[in-house]
Amino acid sequence: MATGLALVAAVSPAPAAYAANSGAYVTTLVDGDGAVTDDFGDHFDELGNSLCHGCGKSSNTDIVMLWQSILAAEHLMEPSDVGGDFGPVTKTATITWQRRHGLSGDGMVGDATWSRADDKLSWVGSAVRYRSGGLFGFVEFHRGDTTRSHDGGAHHLHKVMQGDGGHVFETGTRIHLRSKTMSLLSG
């Protein structure tokens, strides 16, 4: 199993939408096919443990950045705290998120937490959105190729909005499991 998730930040639009993500299904990617409400559910098994402060594979990883994006959309973290390291701020925000969504607040993102986050995923056109409890807050993903309706494959983190409508970030970010690298897309 690969040991990391990679974020690729774009300064210009990626050519041909995200065609390379179409049909990309491996354990090293955050991916999905069919219904979106099970796209996050396999991360606990793939990681081999929960995400938490002090847990393995919870530092300098994009899967943590994906989780932090959800927390930022919920106004539980500052945008400047989204960085891929599951520290005390992320733990506190996770506890609040868990209690808000009817879970025991242990500060660990395990199977139950991922499954509850899955429940908040839905299709909006060709995009997959995690909807926060706020009026404007969401995390938007493109799963596979955006030129196809409801395509499957690797998720592309497109946009994070906070509940007040303020952008957290809007970049070309491909979510891979467990090895964060930031690099510019060519073209």
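Refer to the structure printed above.
Residues numbered from 1 in each chain as written. Predicted model: local features only at pLDDT ≥ 70, side-chain atom pairs only at ≥ 80, totals over all residues. Heavy atoms only, no water.

Undergrad: Tell me about the packing of aromatic side chains, residues and numbers included.
TA: Tallied over the full model, the rule gives four aromatic pairs. Judged by centre distance (5.6 Å) and plane angle (65 degrees), the rings of F40 and W114 are edge-to-face. Here W114 lies in helix α4 (residues 111-118) and F40 lies in the loop between β1 (31-32) and α1 (43-47), a separation of 74 residues in the sequence. Each of the two residues, F40 as well as W114, counts as buried. Arranged with centres 5.9 Å apart and planes meeting at 75 degrees, the rings of F40 and F141 form a pair that is edge-to-face. Here F40 is found in the loop between β1 and α1, whereas its partner F141 is found in strand β4 (residues 138-143), with 101 residues between them in sequence. Side by side, F40 and F141 carry an identical accessibility label, which is buried. (Phe/Tyr/Trp six-rings, centres within 6.5 Å; stacked < 30°, edge-to-face > 60°. Helix = DSSP H or I, 4+ residues; strand = E, 2+ residues; numbered from the N terminus. Buried < 20%, exposed > 50% of the residue type's maximum accessible area, 1.4 Å probe, protein only.)

Undergrad: Any details on unusual backbone geometry? Residues and values, ideally.
TA: Look at H75: it is not a glycine, yet its phi comes out positive at around 60 degrees. With respect to the helices and strands, the residue H75 is situated in the loop between α2 (62-73) and α3 (88-100). A positive phi angle, near 55 degrees, is found at H150, a position not held by glycine. Residue classification places H150 among the partly exposed positions, given a relative accessible area of 41%.

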